Protein chains: 4
Amino acid sequence: MAPLLDALTGDPEIAALFLPDAEIAALLRVEAALARAQGALGAIEPADAARIEAAVADFEPDEPALRQGLARDGVVVPELVRQLREAAGEAGPHVHVGATSQDIIDTGLMLRLRTVLAVLATRLDAVLAEIARLDAEEGGRTLMAQTRMQAALPFTAADKLATWARPLQAHRERLRDLAHALPIQLGGPVGNGASFGASYERLRADIARHLDLRDAAPWHSDRTPILDVAQGLALVTGTLGKIGQDLALLAQNEVGAVKLSGGGGSSAMAHKQNPVGAEVLVALARFNAGLLGTLSQSMVHENERSGAAWTLEWLVLPQMAEATGRALTGAADLLRGARFAD
Amino acid sequence: MAPLLDALTGDPEIAALFLPDAEIAALLRVEAALARAQGALGAIEPADAARIEAAVADFEPDEPALRQGLARDGVVVPELVRQLREAAGEAGPHVHVGATSQDIIDTGLMLRLRTVLAVLATRLDAVLAEIARLDAEEGGRTLMAQTRMQAALPFTAADKLATWARPLQAHRERLRDLAHALPIQLGGPVGNGASFGASYERLRADIARHLDLRDAAPWHSDRTPILDVAQGLALVTGTLGKIGQDLALLAQNEVGAVKLSGGGGSSAMAHKQNPVGAEVLVALARFNAGLLGTLSQSMVHENERSGAAWTLEWLVLPQMAEATGRALTGAADLLRGARFAD
Amino acid sequence: MAPLLDALTGDPEIAALFLPDAEIAALLRVEAALARAQGALGAIEPADAARIEAAVADFEPDEPALRQGLARDGVVVPELVRQLREAAGEAGPHVHVGATSQDIIDTGLMLRLRTVLAVLATRLDAVLAEIARLDAEEGGRTLMAQTRMQAALPFTAADKLATWARPLQAHRERLRDLAHALPIQLGGPVGNGASFGASYERLRADIARHLDLRDAAPWHSDRTPILDVAQGLALVTGTLGKIGQDLALLAQNEVGAVKLSGGGGSSAMAHKQNPVGAEVLVALARFNAGLLGTLSQSMVHENERSGAAWTLEWLVLPQMAEATGRALTGAADLLRGARFAD
Amino acid sequence: MAPLLDALTGDPEIAALFLPDAEIAALLRVEAALARAQGALGAIEPADAARIEAAVADFEPDEPALRQGLARDGVVVPELVRQLREAAGEAGPHVHVGATSQDIIDTGLMLRLRTVLAVLATRLDAVLAEIARLDAEEGGRTLMAQTRMQAALPFTAADKLATWARPLQAHRERLRDLAHALPIQLGGPVGNGASFGASYERLRADIARHLDLRDAAPWHSDRTPILDVAQGLALVTGTLGKIGQDLALLAQNEVGAVKLSGGGGSSAMAHKQNPVGAEVLVALARFNAGLLGTLSQSMVHENERSGAAWTLEWLVLPQMAEATGRALTGAADLLRGARFAD
């Protein structure tokens, strides 16, 4: 049962990537990739690797126990590994060899962020398509440019639309670059790879290739990859918030430069058509902007692994992703219903 | 289906106050109080008021329609009023007379914040009781005070505990003061009360008395009451984060000044006992600190009602409340299992 | 040599309270009050107390050495005490008896915050006076209320002005309450007062009375008093930012509901009159809102004294005060030149 | 006269780049480059271009008038252009042709940010050199790795140093990439380049080449370039804050894994050696993290130019740069005096 507000600001598709099914599936995928690569490199028996992969394929998590484990251990992996070892039978001792919880959690997050970024990229294309359509249909219309909240000089709708499309095109490239840069995390308990033995670097490269992530030295206590994704999200919502603000200003009754369809109704004033979709974009932009600053606090990640800083990330990043997802859907809808005045 | 992380940082009791049942119940309670008071003052027929109160008592919301209404109108009230009018039959036209959505939403939020504050106060008492117990049992033990991350001079566990208890006692009083100061919102569509006619001030006083809220002039575009509650929440989590940080530092192996029971296990290092409960307090404190800054952006509330600034509040305040609730529960648990070294 | 930007956003009067002269004077005043009270209570010889007070009266700080001391010690007090001890001659050993740097720094800050709050209160009165004048002169004019960025219903300029005056009046009371609540800090090296001996509580009360601050138990590691002041500042700039946003919206060419005098010129468009003063209010509001969140991070104040958290306060609070000061001056100027359309 | 705190957290070299001399010089350089390019392209007479370049070379600004202009216009350019036109004599009317204030301000900022980034890069090299030296001298020493605030397993100082060096090396590349990506701003009053006539694109390319900036379409209302620089700064201070936090933890008396030279003295406890340099790094990291969130609010940049959002940038970005500069200097000093225990 979700809050009513989700109807306005939520994004079920993105949110689902942070729900238990997706999270557990991603963690299991990492454990399977680890076993598979260790089997291939001879670090564990290939037969054990196969048993672990089979156990992962059939795995049915005991979710209540996972929740208890997370509440106790601060991270879900110890209990998940326990369950997976049980499921793997005789291969159980060869599950999670050399790895630390953070290897699995961070890599599993990257797998899901790749999906998040792909979803967002597709939606960003849809927003860009709406802008292109508006440009094609109405780009020639004259519009009063506004600077510092005062009428400046006339320009065209095309000029205006270009100020929206350019940053979004750049963000589109950024989302792609971010997706390509998502790194594997594999460092072992103290982040130096020693627990994986001599084949550590080959192991890392193999898992990275298999999971289609970037091979990278451990970044347990360097949260730059997280911050770069968050910055990308905040830039997308920032530009969409700018578009929302512009549309709300252009749609003011006294300005009338834009008409928005599907405006919201009022409980008290039947004549009103509120630019709800535009306002929500502003709200989501300011929300993500603030969250970016909050998330940045997690760069002060003490020692080899900070439970406090790490937990802070988990509290913030998923909602930034969801806000971005909803802002993109909302922006496409809003633009679809927008018309410049003749 | 909640994220796994909820097991570590969620608070079902507080979260429930922001779920549809509680939200709709609070909104209905405000509509009923409005009708009741208007009936008593003769602004509507007493019989109509009674019908509306009865309709509220029996009301079964069409929740999917409410969600659609919220998505369309940016606020759930127009659709809720439509449903309630239907349910009220011939008294339907007398539902929500003179009111604007914001009157109902903000007042309904205050009703739930009163419950939130009461729950938090009770839990804060429990935290204070744990500190008092520790003080009684172990207050005499000697402890090395630490300033600027260096050993300073010995003092006692009682001295240390006093630095935790004093701010919490002050926050306890603040929660009580905040609860008493929660204001009714009643201003009508443009916030000047004109839509309620000559009996406006009596109406406001009557509803406030009935709902046990503070009578107050409209604050549609002045969000100070929201910010004051948020500040109270951030102060509570701030002090609990300080306690968590202290306990994590005191429980370091090399310091050993405190022992924490129930520490978290590691997937890679069986000997470890991680101070998970302490770390979570730090994370929740930094989370709420950042959210307070984000929420403060909503003070720039343009015109007579800003959908953007208002929506931003809805995105932020509930999670601040939930984080505070969980931090209090977690702090009590953590302190219950803490022992100062002999 | 100040940045050019200071001409737009700086406040020399407030800034001066955070410059060396004011800071050193406040610190010396605390040292003198400590010696005076210790002399009166017999903790040191009255003659030594008198010598210390005389040394403070004639003190000429070696400012370069103070800067070096601050850079080395993280706090200016050790070097200041060294200089003052030298100046106090034979009474030197009786300077700063029992105190820790934080006692002097925090109490010295409170003394200056009292001045800050008084300056702000006077300026807030001036803003309120401008609103009252506008109300008297033009309150009867009709204005279109705007909700959710759409024309709502007509109301009066008086209605509008009331939405600005009410929160400012409440903030005015808050500034007064905050000034009365500013606490003395006196706890000694580990914050339990033990270094001051048996007369500790009388000493604290005496100094508080003498400095006209509130007597309070040590709050070395509880930064609530700082946060409460910061919240007060952010609320003031928040409301002024709201007023600035409203004025910029009302002064749009297409709306024309307000005329602002003294608008800014453009380098490219001679016809423009930019609502610079209104925009600056919005900028300062968003600035302080963000800073409030940043400052709140300092609630996680580890151990008995955190250099990191404390330094963060020093980086943030003075600029919040200065931003508030300038916003108040700017708001009064802006309102002085504002006229509602007939 | 700077605040005493500057001795601990200020950076005179970086700060100077935001003082009037550097700011005015940069603005003039942009005006000269514009005239020069317009002369070369025939948009103005080459002789006039030469006169303007000569006037810039000899220009003596009336700084008080510039401050008044900034206070009035919200931007210094209108008054600067007035003064420069006067200085350029008969070529006066050909100064600033087609340009808007934002073109000059933003491009001038990019010129100074290039210097900022170069200074920071050099300092970051120095930090990396200290880490490399420590690694060469003491990398083989054994150290207890710490995860979640508990002893994990032994590793080496080299392992630890690698967790500091890797992100800093990446940040070093980022600073270089950011410097290469700094864009020219040239869009004219409404950001579509129309005021520059047919040779607009050649003009832009020519100025960019001359100023050694990246040619770019106008980004008046898209503040991504500013946010990317800010993110880079926050990442640098974030990693340095992590190093500071680590060093403060390692230098705890009970841990004793690191010795720091030059620790700060206490006014009350002569035995103490406070890790002031480490604490300041943490403070600056949390400061910049929060400022990044505040700056991100300026992405909601309404219409073709938002005075409010733009002013917010000016309030925030310079202090982020200064904090980063000081953190780098401080980190190098701190590491220079750090020794791992045998």
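Quick notes on the rules
- Residues numbered from 1 in each chain as written.
- Chains lettered and ligands numbered in written order.
- Predicted model: local features only at pLDDT ≥ 70, side-chain atom pairs only at ≥ 80, totals over all residues.
- Heavy atoms only, no water.
- Helix = DSSP H or I, 4+ residues; strand = E, 2+ residues; numbered from the N terminus.
- Buried < 20%, exposed > 50% of the residue type's maximum accessible area, 1.4 Å probe, protein only.
- Contact = heavy atoms within 4.5 Å.
- Areas by Shrake-Rupley, 256 points an atom, 1.4 Å probe, with all protein chains shown as cover.
- Lys, Arg positive; Asp, Glu negative; His and termini not counted.
- Charge placed at Lys NZ, Arg CZ, Asp CG, Glu CD.
- Salt bridge = Lys/Arg side-chain N within 4 Å of Asp/Glu carboxyl O.
- Pairing = 2+ DSSP bridges.
- Buried area = accessible area lost by both parts, 1.4 Å probe.
- Polar contact = N/O pair within 3.5 Å; in protein donor to acceptor, adjacent residues only side chain to side chain.
- Core = buried A, V, L, I, M, F, W, Y, C linked by side-chain atoms within 4.5 Å.
- Axes fitted to C-alpha atoms, helices over the stretch in contact; angles between N-to-C directions.
- Left-handed = near helix turned anticlockwise from the far one by under 90°.
- Nonpolar A, V, L, I, M, F, W, Y, C, P; charged D, E, K, R; others polar.
- Least-squares fit on C-alpha atoms with pLDDT ≥ 70 in both.
- Parallel < 35°, antiparallel > 145°, perpendicular 65-115°, else oblique.
- Phe/Tyr/Trp six-rings, centres within 6.5 Å; stacked < 30°, edge-to-face > 60°.
- pLDDT = per-residue confidence, 0-100.
- Expected span 1.5 Å × (residues − 1).

## Examining the overall build of chain A
The helix and strand inventory of chain A stands at twelve helices and four strands. Along the first, second and third principal axes, the C-alpha atoms of chain A reach 75 × 40 × 35 Å. Within chain A, the proportion of its 342 residues that are buried is 68%. Long-range pairs, those at least 24 residues apart, make up 75% of the contacts in chain A with a sequence separation of at least 6. Total accessible area on chain A is roughly 10500 Å²; 53% of this is exposed by carbon and sulfur atoms. Side chains of chain A carry 31 positive and 42 negative charges; the gap between the two charge centres is 6 Å.

## Re the pattern of salt bridges
Residue and element names in this part refer to chain A. This structure, assessed with the given rule, holds 108 salt bridges over all chains. The salt bridge involving Arg 123 is made with Glu 13; its shortest N-O contact spans 2.9 Å. Here Glu 13 lies in helix α2 (residues 12–16) and Arg 123 lies in helix α7 (residues 101–138), a separation of 110 residues in the sequence. The partner of Arg 172 in a salt bridge is Asp 125, with the nearest N and O atoms 2.7 Å apart. In this pair, Arg 172 sits in helix α8 (residues 157–181) while Asp 125 sits in helix α7, placing the two residues 47 residues apart along the sequence. For Arg 172, a relative accessible area of 25% gives the class partly exposed. Among the charged side chains, a salt-bridge network with shared partners connects Glu 130, Arg 133, Glu 137, Asp 333 and Arg 336.

## A look at the pairing of strand β1 (residues 142–147) of chain D
With five bridges joining them, β1(D) and strand β2 (residues 150–156) of chain D adopt antiparallel strand pairing. The residue bridging Thr147(D) from the neighbouring strand is Gln150(D), located in β2(D).

## A look at the interface of chain A and chain B
If you look at the interface, chain A gives 56 residues, while chain B gives 56 residues. Both faces considered, chain A and chain B share a buried interface measuring about 4800 Å² in area, 70% of it formed by carbon and sulfur atoms. The tally of links from chain A across to chain B stands at zero salt bridges. Along the contact surface separating chain A from chain B lie eleven residue pairs in polar contact (both at pLDDT 80 or more). Counting residues per element, the ones that place at least two in the side of chain A that touches chain B are α1 (6–9), α3 (20–41), α5 (63–73), α6 (77–87), α11 (276–296) and α12 (307–336) of chain A. It is α11(A) that provides the largest number of residues to the side of chain A that touches chain B, a total of ten residues.

## Describing the nonpolar core
Membership of the largest hydrophobic core comes to 487 residues, with the highest contact counts inside it found for Leu240(A), Leu240(B), Leu240(C) and Leu240(D). Contact partners of Leu240(A), with chain neighbours within four places excluded, come to Val127(A), Leu168(A), Leu281(A), Ala327(A), Leu328(A) and Ala331(A).

## Observations concerning the interface of chain D and chain A
Taken together, the 57 residues of chain D in the interface contact 57 residues of chain A. A combined buried area of about 4800 Å² lies between chain D and chain A, and 53% of that area is made up of carbon and sulfur atoms. For the chain D face of the interface with chain A, the top three residues by lost area are Arg148(D), Val300(D) and Asn303(D), together amounting to 15%. Between Arg174(D) and Asp228(A) there is a salt bridge, with the nearest N and O atoms lying 2.5 Å from each other. The interface formed by chain D and chain A contains 24 residue pairs in polar contact (both at pLDDT 80 or more). For the side of chain D that touches chain A, the secondary structure elements donating two or more residues are β1, β2, α8 (157–181), α10 (224–250), α11 (276–296) and α12 (307–336) of chain D.

## Brief notes about the packing of helix α3 (residues 20–40) of chain D against helix α6 (residues 77–87) of chain D
All names here are of chain D. Axis separation between α3 and α6 bottoms out at 12 Å; the angle between their running directions is 65°. Considering only the axes of α3 and α6, their crossing is right-handed. Two secondary-structure elements touch here, α3 through Ile 24, Leu 27, Leu 28 and Glu 31 and α6 through Val 77, Leu 80, Val 81 and Leu 84. Along the lines of polarity and charge, the residues of the contact of α3 with α6 split into seven nonpolar, no polar and one charged.

## Focus on the relation of the copies chain D and chain A
Copy one and copy two of the chain differ by a rotation about an axis and a translation along that axis. Mapping chain D onto chain A is achieved by rotating through 180° and translating by 0.0 Å along the same axis, at an RMSD of 0.0 Å. Given the turn and translation reported, the copies of this chain are related as if by a two-fold rotation axis. Minimal C-alpha separation from the rotation axis in chain D is found for Gly293(D), amounting to 1.8 Å.

## Some thoughts on the side chain of Ser221(C)
Along the polypeptide, Ser221(C) turns up in the loop between α9 (200–211) and α10 (224–250). Discounting residues that sit within four places of it in the chain, Ser221(C) has contacts with Thr163(B), Lys242(B), His301(C), Asn303(C) and Glu304(C).

## Thoughts on the relation of the copies chain A and chain B
Turning chain A through 180° and shifting it by 0.0 Å along the axis lays it on chain B, with an RMSD of 0.0 Å. Take the interface residues of chain A: 100% of them recur as interface residues in chain B, which is what a same-surface contact looks like.

## Overview of the packing of α8(D) against α10(D)
Residue and element names in this part refer to chain D. At a minimum axis separation of 10 Å, α8 and α10 run at an interaxial angle of 165°. By the angle class used here, α8 and α10 are roughly antiparallel. In the packing of α8 onto α10, the handedness of the crossing is left-handed. Grouping the amino acids of the contact of α8 with α10 by side-chain chemistry returns twelve nonpolar, four polar and five charged.

## A few points about the packing of aromatic side chains
Residue and element names in this part refer to chain B. Tallied over the entire structure, the rule returns eight aromatic pairs over all chains. Judged by centre distance (5.8 Å) and plane angle (10°), the ring pair of Phe 196 and Tyr 200 falls under stacked. Taking the relative accessible area as the measure of exposure, Phe 196 reaches 7% and is therefore buried.

## Quick notes on the environment of Thr311(A)
Take Thr311(A): it is sitting in helix α12. The spacing of Thr311(A) and Gly74(A) is 237 residues in sequence and 8.3 Å in space, taken between C-alpha atoms. In this structure Thr311(A) touches Leu8(B), Thr9(B), Ala283(B) and Arg148(D), once residues within four positions along its chain are discounted.

## Description of the confidence of the model for chain A
Taken as a whole, chain A shows an average pLDDT of 97; of its residues, 100% reach a score of 70 or greater. Both confidence scores are given for the complex: pTM 0.98, ipTM 0.97.

## Section: α11(D)
Its 21 residues place the ends of α11(D) 30 Å apart at the C-alpha level, agreeing with the 30 Å of an ideal helix rising 1.5 Å per residue. The element α11(D) is largely enclosed, with a buried count of 20 among its 21 residues.

## Concerning the side chain of Asp246(A)
With respect to the element layout, Asp246(A) can be found in helix α10 (residues 224–250). Overall, Asp246(A) belongs to the buried group, its relative accessible area being 0%. In terms of polar contacts, Asp246(A) uses its side chain to reach the side chain of Trp164(A), at 3.0 Å. Once residues lying within four places of it in the same chain are set aside, the contact partners of Asp246(A) are Lys160(A), Trp164(A), His301(D), Glu302(D) and Asn303(D).

## A look at the environment of Ile184(B)
The residue Ile184(B) is located in the loop between α8 (157–181) and α9 (200–211) in this model. Once you skip the residues sitting within four places of it in the chain, Ile184(B) turns out to touch Thr107(B), Arg204(B), Ile207(B), Ala208(B), Leu213(B), Arg214(B), Asp215(B), Ala216(B) and Trp219(B).

## Things to note about unusual backbone geometry
Notably, Asp212(B) is not glycine yet its phi reads approximately 60°, a positive angle. Its identity as a non-glycine residue notwithstanding, Arg148(C) has a phi of 50°, on the positive side. Summarising the element assignment, Arg148(C) is placed in the loop between β1 (142–147) and β2 (150–156). What makes Arg148(C) buried here is its relative accessible area of 3%.

## Here's the deal with the environment of Gly74(A)
Tracing the backbone shows Gly74(A) in the loop between α5 and α6. A residue is classified by how much of its surface remains accessible, and Gly74(A), at 0% relative accessible area, is buried. Sequence separation between Gly74(A) and Ala308(A) is 234 residues, and the spatial gap between their C-alpha atoms is 9.6 Å. The contact partners of Gly74(A), leaving out residues within four places of it in the chain, are Gly69(A), Trp314(A), Leu8(B), Val276(B) and Arg148(D).

## Focus: α3(A)
Over its 22 residues, α3(A) extends 31 Å from the first C-alpha to the last, a length consistent with the 32 Å expected when each residue adds 1.5 Å. One or two steps after α3(A), the chain reaches Gly42(A), where phi turns positive at roughly 80°.

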